[in-house]
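Coordinates in review
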Amino acid sequence: MLSSLAALLIGMLTTLNSMKAQVFGGITELKCDASYTKDVYDTPTGDVTPGYYDPVRNLGNIKNATTGEDSIIATVISTASYEVCNDVEGKRYEYTITSKQLTDFRDSKPLPAKSVQLVE
Amino acid sequence: MRWLYTPLLVLAVIVTFSFRTPRAYAVAYPTRVGTDAAQYFASSDPWTMAMTVPSTGQNRALVCVVGIGGAGGAPTSMTWNGTGMTKIIDGTTLPAQQQTDGVMFYLANPTAATANVVANWGSNKQGFLICATFQDMHQTSGTVIDASGQANTAAGTSISKQITTATDGDVIITWFGIGSTASAHTPGGGQSLIASVLESNIDAGASDIGQTTAGNITTSWSWTTAASGDLFAVALKYQAPTASAAASPPPLEQIWIF
């Protein structure tokens, strides 16, 4: 009788754990071992997207390919650095880092650790 | 007088060994010798470039890195002086790149000579080829890699990659390629420039840096005009030269006290 109850309890816990994993997913530690720095523009996205044009660096198109109108001039307003992380499946994640963290990384120190919670 | 000579003899022995020069077997790493070579190929197959392997040092190895514009790819084979080289890094197996695949070929113990490096593609390709000769390099191509990595950026101005080596005394070779218009570029601190390629469609460079102690090491490249690009880093192992008469420890420096 007791063994049957124990088996039932274990079964219920296993099912609950499985449901929890499906709903909330597990915490996955990311491997963060790369970084890059890029310019930030005065555009909504910070990049030279369609409809914008950087005449200084000749990035983007002078004419909006969709509307045929002149593209809006985009200007660099700052730079930003990002750390590049990957999960075990090779999916890429990017997070902003400070100039100090970038300097440390270039001095062979590790990047800030990151993890994600995968929702199945 | 024996009571006087005995302490003096002991003192002589102590002084003798204290002056003995210790054997300096500090961990070193492979270093470049001779003249490096680099060339840009607009559209051709095969790629042919003259490369001189010097007779300097021991445990030499010829290392060549390749990158091509656009979707990437790797040569099907590469030879130097007619001898087949071993492909030890194939960037086509790494995650998707922005501008170039990183490929490295290696030839252990090449004969000192000036001869052609020939990269065979199977169709015309545009890209760069950079070669250098190293001394004190591990001579087994299949086990030279401690770590390898790749990083890419979309329209950036710098890129960095960290790898973790497992043994002391590696040399880390790092190379990059960006799609740009002759954007001046520089390797990160401590990295020694091997060669640069500055062309209208692709800029590239290769560098090396020695690492005495195993662990994390970050290599980086920066450039002036925002462009997308890729960086690759590979660690190759050290193989100490065979001790010769000239490299033997100096004789004992003896002091006699009587």
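Residues numbered from 1 in each chain as written. Chains lettered and ligands numbered in written order. Predicted model: local features only at pLDDT ≥ 70, side-chain atom pairs only at ≥ 80, totals over all residues. Heavy atoms only, no water.

1. Regarding the sheet that holds strand S6 (residues 86–90) of chain B
Residue and element names in this part refer to chain B.
- Pairing in this open sheet of five strands is antiparallel, and the strands run S1-S9-S3-S7-S6 from one edge to the other. Strands at the two margins of the open sheet, each flanked by one partner only, are strand S1 (31–44) and S6. With strand direction ignored, the average angle separating the axes of adjacent strands in the sheet is 20°.
- Sheet topology note: the strand S3 (residues 61–68)/strand S7 (residues 103–108) ladder contains six bridges and is antiparallel. Looking at S7, one finds that cysteine 64 is bridged to phenylalanine 105. (Pairing = 2+ DSSP bridges. Helix = DSSP H or I, 4+ residues; strand = E, 2+ residues; numbered from the N terminus. Axes fitted to C-alpha atoms, helices over the stretch in contact; angles between N-to-C directions.)

2. So, the interface of chain B and chain A
- Each partner contributes residues to the interface: chain B has 18 residues there, and chain A has 15 residues.
- Across the chain B to chain A interface the summed buried area is about 1400 Å²; carbon plus sulfur atoms make up 42%.
- Three residues stand out in chain B for area buried against chain A, namely B:Ser160, B:Gln162 and B:Thr218, and they jointly supply 31% of the buried area on that side.
- In this assembly, chain B and chain A are joined by one salt bridge.
- Ionic pairing is found between B:Lys161 and A:Asp33, a salt bridge with its closest N-O pair at 3.0 Å.
- For the side of chain B that touches chain A, the secondary structure elements donating two or more residues are strand S10 (145–164) and strand S15 (216–236) of chain B. (Contact = heavy atoms within 4.5 Å. Buried area = accessible area lost by both parts, 1.4 Å probe. Salt bridge = Lys/Arg side-chain N within 4 Å of Asp/Glu carboxyl O.)

3. Considering the nonpolar core
Residue and element names in this part refer to chain B.
- Ranked by size, the top nonpolar core spans 26 residues in total, and within it Val63, Met104, Ile130, Phe134, Met137, Trp175 and Leu236 carry the most contacts.
- Considering every element that reaches this core, the biggest residue donor is strand S9 (residues 125–135), with four residues.
- For isoleucine 130, the residues in contact, after removing those within four places along its chain, are Ala37, Ala38, Val63, Cys64, Val65, Ile194, Ala195, Val197, Gly205 and Ala206.
- Ranked by size, the runner-up nonpolar core spans 23 residues in total, among them Trp47, Val53, Leu107 and Ala115. (Core = buried A, V, L, I, M, F, W, Y, C linked by side-chain atoms within 4.5 Å. Buried < 20%, exposed > 50% of the residue type's maximum accessible area, 1.4 Å probe, protein only.)

4. Here we look at the state of the cysteines
Residue and element names in this part refer to chain A.
- Scanning the model with the defined rule gives two disulfides over all chains in all.
- Across the disulfide from cysteine 32 sits cysteine 85; the S-S distance is 2.1 Å. Sign of the S-S torsion, about 105° for the bond between cysteine 32 and cysteine 85, identifies this disulfide as right-handed. Highlighted residues: cysteine 32 in strand S2 (residues 31–41) and cysteine 85 in strand S6 (residues 76–86), separated in sequence by 53 residues. (Disulfide = S-S within 2.5 Å.)

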